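One letter stands for each residue in the lines below.
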Amino acid sequence: MHPGRNIPHFLYTCLIILLGFWLLSYVFAEVNLDLGRELLILAALAILAEWLAVAFPRGRLSGGFAVVLSSYLLFGPAATAWVFGLATLVGQGIVNRGNPARTAVFNASQHVLAILGADYVFKLAGGIAGGGLAVVNILPLAAFVLIYFSINQILVYIYLLPKFRYYPLLVWTDMLRWDALTYLFTVPFGVLMVLIYGKIGIYGALLLFLPVLATQFVLRLYVRLEMANRELRALFETARGLGGSNKLEDVLALLLRESRRAVSYHTGIVYLWSDDAGAYIAAAVKGPYEKSLRGSHVTPGVGLVGRALAGCQTEIIYDSRLDVQLKDEPGLAQVHRSLLVIPLLAEGGSIGALVLGDKRPYAFDGGNLQTLCVMGSQAAIVLGTLLQRRQPPACDLCPHRSST
């Protein structure tokens, strides 16, 4: 069984999916099909919000809750569950950024559960169905928002729980904080969409949704700035840690740990040259394949990593499935779609390499490559001193293939 999966997690995923689809079928009779045009427009807005969602490691932020709130106030819980459930399935299923199909189906189902669960609390708190923005509904609507947010966070947290060990770049409080930001601007817009609908109809609500998409763009810039700050922190911590390191194991552990602070990855390996083996040996591994990869070797010039080491040049693979040279190559390329290879250069040759892999395509970019090159250079200086008796092969300066 895959290290990142287990039977309880599989059963949990199936339970949420089945429950979500059962609830959709159960409430279908309550959907007013005469409002098909309005519901399709709201679904289109929600799909657009998912397409333009702000992606970050192990999560995504969108303004879709504005559609949830306005649809709930205008057309009730059954219509809202169908609109946003199908919109999530379509939006995340098409632009899934490498997530498996089950993630899109799970997200659609958990949104259905969150909507209907929040509706139950809304009515329990004295809310009047169809009462819209009446004064009597203010506190129940606040409860609706809070319960929807809580159910959504809890269900997603449990779904991602097995992956936190391998993707600790963002702690759960970061995801909670950033998701809460979307609610701060989508709740007012959802209320305004209801007011506009009462005056000029669904097309007015459609126009009002455009600022939500613009706010998502601003949020995207904020997230990128936050991630850049984390990369700078990783560089600082690497430099500070290497200054006091005189043990090989400590340097390797530091390099893998701070690389994960800068870049979310699934598997990280540090290869070091061995005179006795005449090859590069995996001296440190972090990830679910640690036991099988530790001690494995790479021959200079052979395979993706071997070619990068022989040429002393970095490699970035955006999607191994699209690279014809990696199609039949065994090893990391078969289990990871994104790969980064950073040679650790000293004394005119590669004394080792930092290799990162992730199961998502396009998980790494040029900015990640630059940051890790700096970190690798810092570590290589220390490693060169600790491994001064080893004589790695000199760089092969023949033309090197372009990265995919």
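Here is a short report on the structure shown in this document. (Residues numbered from 1 in each chain as written. Predicted model: local features only at pLDDT ≥ 70, side-chain atom pairs only at ≥ 80, totals over all residues. Heavy atoms only, no water.)

Before going further, it helps to examine the packing of aromatic side chains. Given two aromatic rings, one states the distance between the centres and the angle between the planes to describe the pair. In this structure the tally under the stated criterion is 14 aromatic pairs. With 5.0 Å between their ring centres and 45 degrees between their planes, phenylalanine 65 and tyrosine 148 make a pair best called tilted. On the criterion of sequence distance, the pair formed by phenylalanine 65 in helix α3 (residues 65–75) and tyrosine 148 in helix α6 (residues 138–160) is long-range, its members being 83 residues apart. Given a relative accessible area of 1%, tyrosine 148 falls into the buried group. Consider the rings of tyrosine 72 and phenylalanine 144, whose centres lie 4.2 Å apart with planes at 20 degrees: the pair is stacked. Of this pair, tyrosine 72 sits in helix α3 while phenylalanine 144 is found in helix α6, placing the two residues 72 residues apart along the sequence. (Phe/Tyr/Trp six-rings, centres within 6.5 Å; stacked < 30°, edge-to-face > 60°. Helix = DSSP H or I, 4+ residues; strand = E, 2+ residues; numbered from the N terminus. Buried < 20%, exposed > 50% of the residue type's maximum accessible area, 1.4 Å probe, protein only.)

Here the focus is the nonpolar core. In terms of nonpolar packing, the biggest core is built from 64 residues, with Leu42, Phe65, Phe144, Tyr148, Met193 and Phe209 touching the most fellow members. Looking at this core, the elements with two or more residues in it are α1 (7–27), α2 (36–51), α3, α4 (77–94), α5 (101–124), α6, α7 (172–200) and α8 (202–243). One finds Ile316, Leu340, Leu354 and Leu356 within the second-largest nonpolar core, a separate group that totals 32 residues. (Core = buried A, V, L, I, M, F, W, Y, C linked by side-chain atoms within 4.5 Å.)

At a minimum axis separation of 10 Å, α1 and α6 run at an interaxial angle of 145 degrees. Like other packed secondary-structure pairs, α1 and α6 cross with a definite hand, here left-handed. Each of His9, Tyr12, Thr13 and Ile16 in α1 lies in contact with α6, whose residues at this interface are Ile154, Leu155, Ile158 and Tyr159. Along the lines of polarity and charge, the residues of the contact of α1 with α6 split into 6 nonpolar, 2 polar and no charged. (Axes fitted to C-alpha atoms, helices over the stretch in contact; angles between N-to-C directions. Left-handed = near helix turned anticlockwise from the far one by under 90°. Contact = heavy atoms within 4.5 Å. Nonpolar A, V, L, I, M, F, W, Y, C, P; charged D, E, K, R; others polar.)

So, about the pairing of strand β3 (residues 267–274). Buried residues dominate β3, accounting for 8 of its 8 residues. With burial as the criterion, each face of β3 is covered, one bearing Thr267, Ile269, Tyr271 and Trp273 and the other bearing Gly268, Val270, Leu272 and Ser274. Summarising the sheet, β3 and strand β8 (residues 349–358) pair through 6 bridges and their orientation is antiparallel. The residue of β8 that forms the bridge with leucine 272 is glycine 352. Once β3 ends, the chain turns through 4 residues before running back antiparallel as strand β4 (residues 279–286), passing glycine 278 with a positive phi of about 65 degrees. (Pairing = 2+ DSSP bridges.)

This part is about the pattern of salt bridges. Counted by the stated rule, this structure contains 6 salt bridges. Note that glutamate 258 is salt-bridged to arginine 257, the shortest N-O span being 3.6 Å. Note on arginine 257: relative accessible area 45%, which makes it partly exposed. Between aspartate 319 and arginine 337 there is a salt bridge, and its shortest N-O distance comes to 2.7 Å. With aspartate 319 in the loop between β6 (315–317) and α12 (332–335) and arginine 337 in the loop between α12 and β7 (338–346), the pair connects residues that are 18 residues apart, well separated along the chain. Judged by relative accessible area, aspartate 319 falls into the buried class, the value being 5%. (Salt bridge = Lys/Arg side-chain N within 4 Å of Asp/Glu carboxyl O.)

Let's shift gears to the pairing of β4. Here β3 pairs with β4 via 7 bridges, running antiparallel. Pairing of serine 274 across the sheet is with alanine 279, part of β4. Note that β4 and strand β5 (residues 297–298) share 2 bridges and pair antiparallel. Paired with isoleucine 281 across the strands is histidine 297, a residue of β5.

Right, let's get into the packing of α1 against α5. Packed helix pairs are characterised by how far apart their axes lie and by the angle those axes make with each other. Orientation of α1 relative to α5, taken along the N-to-C sense of each, is 55 degrees, at an axis distance of 8 Å. Comparing their axes, α5 and α1 come out oblique. Here the hand of the crossing between α1 and α5 comes out left-handed. In this structure, α1 uses Tyr12, Thr13, Ile16, Ile17, Leu19, Gly20, Phe21, Leu23, Leu24 and Val27 to contact α5, whose residues at the interface are Arg102, Val105, Phe106, Ser109, Gln110, Val112, Leu113 and Leu116. Partitioned by chemical class, the residues of the contact of α1 with α5 number 13 nonpolar, 4 polar and 1 charged. (Parallel < 35°, antiparallel > 145°, perpendicular 65-115°, else oblique.)

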